[in-house]
Amino acid sequence: MGQVYAFLKAMKQGVFLERDGVLNQAQVERHHQVTPLTFKDFHVNKEAVPLLKKLKAAGLVLIVTSNQPGLSRGYQSRRELDRMHDLLRKTFPVDDILICPHDGTDRCPCRKPQPGLLVEAGFKWHLDLDHSFVISDKWQDAEAARVAGCTSLLIQSPWVRAVHRDFVLPDLAAIVEKILFLHNAKRMATAC
Ligand SMILES: [Zn+2]
């Protein structure tokens, strides 16, 4: 019993972040977000930097997740993607970046709304998924969060749709405040 308790205590809480529209800008064409394909077109959202630092300071593990079907379809160069993600790591205090390279027709378990990337990160980083969080502006991440058992927080956007989600808030700042509140509430409860 002592060992189980020690293991559970050692588990960390994570925050999963969608990339496009949250950490970097995404163009909108014909009511769809268009993912940047080149480093030149990749622009990070600098205002998110202090917000992610707050999450990091609270002891949360920060994981970026992204569907990148262009890798298997052939229109996204791996080299350009690596350059974009090097910039993300330099700009934000993120611990890991996990991508699904597959096309929808591949029927892989990692393309969001499937929860594969969350589950993979959970194993790799010893995360307690039940007490981890997902941030996005799109329904697919909320659905992945629901299946994996995470709390989902969506930024109000045209891509939220009517799937199950735990919170829809106006911006990333409000979401970070909510996560810090929930995270502290859980720590207080554990301490009692
Ligand atoms: Zn995949």
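Residues numbered from 1 in each chain as written. Predicted model: local features only at pLDDT ≥ 70, side-chain atom pairs only at ≥ 80, totals over all residues. Heavy atoms only, no water.

Draft legend 1. Structural detail: the pairing of strand E5 (residues 96-100). Within E5, five of the five residues are buried, leaving the element largely enclosed by the surrounding structure. In the sheet, strand E4 (residues 61-67) pairs with E5 via five bridges, with the strands oriented parallel. Across the sheet, residue Thr 65 finds its bridge partner in E5, namely Leu 98. (Buried < 20%, exposed > 50% of the residue type's maximum accessible area, 1.4 Å probe, protein only. Helix = DSSP H or I, 4+ residues; strand = E, 2+ residues; numbered from the N terminus. Pairing = 2+ DSSP bridges.)

Draft legend 2. Examining the packing of helix H2 (residues 49-57) against helix H7 (residues 172-191) more closely. Where H2 contacts H7, the two axes come as close as 10 Å, and the packing angle between them is 10°. What the angle tells us is that H2 and H7 run roughly parallel. Across the interface between the two elements, Leu 51, Leu 52, Lys 54 and Leu 55 of H2 pack against Leu 172, Ala 173, Val 176, Glu 177, Ile 179 and Leu 180 of H7. Class assignment for the residues of the contact of H2 with H7 results in eight nonpolar, no polar and two charged. (Axes fitted to C-alpha atoms, helices over the stretch in contact; angles between N-to-C directions. Parallel < 35°, antiparallel > 145°, perpendicular 65-115°, else oblique. Contact = heavy atoms within 4.5 Å. Nonpolar A, V, L, I, M, F, W, Y, C, P; charged D, E, K, R; others polar.)

Draft legend 3. Layout of the pattern of salt bridges. By the definition in use, this model includes 14 salt bridges. Put simply, Glu 80 and Arg 83 hold a salt bridge, and the shortest N to O gap is 3.6 Å. Taken together, the residues span about one helical turn, with Glu 80 and Arg 83 both in helix H4 (residues 78-91) at a distance of three residues. A relative accessible area of 37% means that Arg 83 is categorised as partly exposed. When salt bridges with common partners are traced through the structure, they connect Glu 18, Lys 112, Asp 137, Lys 138 and Asp 141 into a single cluster. (Salt bridge = Lys/Arg side-chain N within 4 Å of Asp/Glu carboxyl O.)

Draft legend 4. Molecular detail of the coordination of the zinc ion. Cys 100 (SG), His 102 (ND1), Cys 108 (SG) and Cys 110 (SG) make up the full set of protein donors to the zinc ion, lying at 2.0 to 2.3 Å. Note that the zinc ion binds four donor atoms; their angles at the metal cover 98 to 119°, and the shape is tetrahedral. As a motif over one chain, the donors of the zinc ion read C-x1-H-x5-C-x1-C. According to the relative accessible area criterion, Cys 100 is buried, its value standing at 0%. (Donors = N, O, S within 2.8 Å, 3.2 Å for Na, K, Ca; no water. Tetrahedral: all angles 85-135°; square planar, octahedral: opposite > 155°, others 65-115°.)

Draft legend 5. Inspection of the side chain of Asp 103 at higher detail. With respect to the helices, strands and loops of the structure, Asp 103 is situated in the loop between E5 and helix H5 (116-125). According to the relative accessible area criterion, Asp 103 is buried, its value standing at 13%. Not counting residues within four places of it along the chain, the set of residues in contact with Asp 103 comprises Pro 69, Ser 72, Arg 73 and Arg 111.

Draft legend 6. Spatial organisation of the sheet that holds strand E1 (residues 14-18). Spatially, the six strands line up as an open sheet ordered E5-E4-E1-E6-E7-E8, and their pairing is parallel. Here the strands that pair on one side only, and so sit at the sheet edges, are E5 and strand E8 (167-169). With direction set aside, neighbouring strand axes in the sheet form an average angle of 20°. Strand contacts of H7: E1, strand E6 (133-136), strand E7 (151-155) and E8, with the helix running at about 160° to E7, the strand carrying the most contacts.

Draft legend 7. View of H7. Across its 20 residues, H7 extends 28 Å between first and last C-alpha, which sits within 8% of the 28 Å expected from 1.5 Å per residue. Every buried residue of H7 is accounted for by Leu 172, Ile 175, Val 176, Ile 179, Leu 180 and His 183. Projected down its long axis, H7 carries its buried residues within an arc of 135°, all on one side. Across H7 from its buried face, at more than 90 degrees, point the exposed residues Phe 181, Met 188 and Ala 189. Turning to H7, the residues buried within the fold contact E1, H2, E6, E7 and E8. Structurally, the start of H7 carries an N-cap: the backbone nitrogen of Ala 173 is 3.3 Å from a side-chain oxygen of Asp 171. (Expected span 1.5 Å × (residues − 1). Arc of directions from axis to C-beta. Polar contact = N/O pair within 3.5 Å; in protein donor to acceptor, adjacent residues only side chain to side chain.)

Draft legend 8. Geometry of the layout of surface pockets. The computed volume of the largest pocket comes to approximately 770 Å³. Contributions of two or more residues to the lining of the largest pocket are made by strand E3 (32-34), E4 and helix H6 (139-148). (1 Å grid on protein atoms, 1.4 Å probe; cavity = no way out; pocket = protein on both sides within 12 Å on 5 of 7 lines; lining within 4 Å. Points joined across faces, edges and corners; volume = space filled by probe spheres on them.)

Shape is all these values report; function is a separate question.
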